[in-house]
Amino acid sequence: MTAAPNSSLRERKKRRTRQTLIDTALELFTRRGFGGVTLDELCEEVEVSKRTFFRTFTSKEDVAMAPDQDLWRAFLEELETVDPAGLPVVELGRDALLAALARMDDEGWARRMLLSRRLAERTPSMGAHGLQFCEATTQEALAILHRRFGLGAPGDLRPRLAVDMLVAAFHGALAGWVARADAAREAGHTEPPTAGELADRLREAVAALPESLALTTPR
């Protein structure tokens, strides 16, 4: 009779510990630099063992990039259920990614994402970790498209190119979102960026994809 409540309590505790690790890591890395904080120091600050850390994350890079990874894991979940409605694959992916962004409703997510991206810009190991995660996520997305819709026959590059274009559009939107937040900070504005603003930029970026494909160089 008590198994389910106890299990629920453990899950809530695990989620709280995970979130505390993410928040503390991003604050310490931002203040002291990624290389200026050891894993031992992070665990001591949160008062957890390294064993507990490694049950949740694989490395310092992993915890520092958690906001981005949480979004893309939510994207894969949305891609499993999003209504195709005869849409092009890029637009289908856009809808799944927008739905994932809507799930990032914790007001702290946007701030964590911003801190993570700023760190990644000056931390090469985070960039390498991000590339590995991006490729793994792309492969999972392609597997979903194949399983759900039969897309991706051997030799058909279109699904891969569609997913790559979606990722490129998101990175473009994210770069603009971070730049705007940095400009606002330099101007003395303290209002934090929101996930909704990032979603708007994503819509604009995806809408610009056909125009970019039609762009030609002058003769």
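Residues numbered from 1 in each chain as written. Predicted model: local features only at pLDDT ≥ 70, side-chain atom pairs only at ≥ 80, totals over all residues. Heavy atoms only, no water.

Undergrad: Looking at this structure, I do not really get helix α8 (residues 124-149). What am I missing?
TA: The α-helix winds at 3.6 residues per turn, so residues separated by three or four positions along the chain end up facing the same way. Spanning 26 residues, α8 covers 37 Å between terminal C-alpha atoms, matching the ideal 38 Å at 1.5 Å per step. All of the buried residues along α8 are Met126, His129, Gly130, Phe133, Thr137, Thr138, Ala141, Leu142, Ile144 and Leu145. Buried residues along α8 sit in contact with α4 (60-64), α5 (66-79), α6 (89-103), α7 (107-121) and α9 (158-186). Following α8 by one or two positions, Gly150 has its phi on the positive side, about 70°. (Helix = DSSP H or I, 4+ residues; strand = E, 2+ residues; numbered from the N terminus. Expected span 1.5 Å × (residues − 1). Buried < 20%, exposed > 50% of the residue type's maximum accessible area, 1.4 Å probe, protein only. Contact = heavy atoms within 4.5 Å.)

Undergrad: Even after reading the chapter, I still don't get the side chain of Glu61, so can you show me in this structure?
TA: By the element assignment, Glu61 lies in helix α4. The side chain of Glu61 is buried and forms no salt bridge, while Lys60, the nearest opposite charge, is found at 6.5 Å. One polar contact links Glu61 to Ser59, side chain to side chain, over a distance of 3.4 Å. Beyond its immediate stretch of four places on either side in the chain, Glu61 contacts Phe34, Ser125, Met126 and His129. (Lys, Arg positive; Asp, Glu negative; His and termini not counted. Salt bridge = Lys/Arg side-chain N within 4 Å of Asp/Glu carboxyl O. Polar contact = N/O pair within 3.5 Å; in protein donor to acceptor, adjacent residues only side chain to side chain.)

Undergrad: Can you help me understand empty space enclosed by the protein in this one?
TA: Empty space among the atoms becomes apparent when a probe as large as a water molecule is rolled across them. Scanning all chains against the criterion turns up one cavity of 30 Å³ or more. Around the largest cavity, the lining residues are Phe75, Leu79, Val89, Val90, Leu92, Gly93, Leu145, Ala162, Val163 and Leu166. Looking at the lining of the largest cavity, the elements that each hand over two or more residues are α5, α6 and α9. With four residues, α6 is the largest single contributor of residues to the lining of the largest cavity. A class-by-class count of the residues in the lining of the largest cavity yields nine nonpolar, one polar and no charged. (1 Å grid on protein atoms, 1.4 Å probe; cavity = no way out; pocket = protein on both sides within 12 Å on 5 of 7 lines; lining within 4 Å. Points joined across faces, edges and corners; volume = space filled by probe spheres on them. Nonpolar A, V, L, I, M, F, W, Y, C, P; charged D, E, K, R; others polar.)

Undergrad: Got a minute to help me understand the pattern of salt bridges in this structure?
TA: Pairing between side chains becomes possible if they bear opposite charge and their charged atoms approach one another. Applying the stated criterion across every chain yields a total of 16 salt bridges. Among the ionic pairs, Arg73 bridges to Asp70, the shortest N-O distance being 3.8 Å. Here Arg73 pairs with Asp70, and both are found in helix α5, just three residues apart, close to one helical turn. Note on Arg73: relative accessible area 39%, which makes it partly exposed. Note that Arg103 and Glu77 form a salt bridge whose closest N and O atoms lie 2.5 Å from each other. Here Arg103 is found in helix α6, whereas its partner Glu77 is found in helix α5, with 26 residues between them in sequence. Assessed through its relative accessible area of 37%, Arg103 is described here as partly exposed. With a relative accessible area of 45%, Glu77 lands in the partly exposed category. One continuous salt-bridge network, built from bridges that share partners, spans Arg18, Asp70 and Arg73.

Undergrad: Sorry if this is basic, but what is going on with helix α10 (residues 195-214) here?
TA: The end-to-end C-alpha distance of α10, which contains 20 residues, comes to 30 Å, matching closely the 28 Å that a straight helix rising 1.5 Å per residue would cover. Within the span of α10, buried status applies to Ala195, Leu198, Ala199, Leu202, Val206 and Leu209. Looking at the buried side of α10, the elements it contacts are α6, α7 and α9.

Undergrad: Would you explain the environment of Asp200 in this entry?
TA: By the secondary structure assignment, Asp200 is in helix α10. You can call Asp200 partly exposed: its relative accessible area is 41%. Sequence separation between Asp200 and Leu98 is 102 residues, and the spatial gap between their C-alpha atoms is 9.1 Å.

Undergrad: In this structure, what is going on with the packing of α6 against α10? I would like to understand it.
TA: Each packed pair of helices is defined by two parameters, the angle between the axes and the distance between the axes. Packing of α6 against α10 leaves a shortest axis separation of 10 Å and a crossing angle of 175°. With respect to α10, the axis of α6 lies roughly antiparallel. From α6, Val90, Arg94, Leu97, Leu98 and Leu101 reach across to α10, where they touch Ala195, Leu198, Ala199, Leu202, Arg203, Val206 and Leu209. Taken together, the residues of the contact of α6 with α10 break down into 10 nonpolar, no polar and two charged. (Axes fitted to C-alpha atoms, helices over the stretch in contact; angles between N-to-C directions. Parallel < 35°, antiparallel > 145°, perpendicular 65-115°, else oblique.)

Undergrad: Sorry if this is basic, but what is going on with the side chain of His129 here?
TA: Here His129 shows up in helix α8. In this structure the side chain of His129 is engaged in a polar contact, spanning 3.0 Å, whose partner is the side chain of Gln69. Not counting residues within four places of it along the chain, the set of residues in contact with His129 comprises Thr58, Ser59, Glu61, Asp62, Met65 and Gln69.

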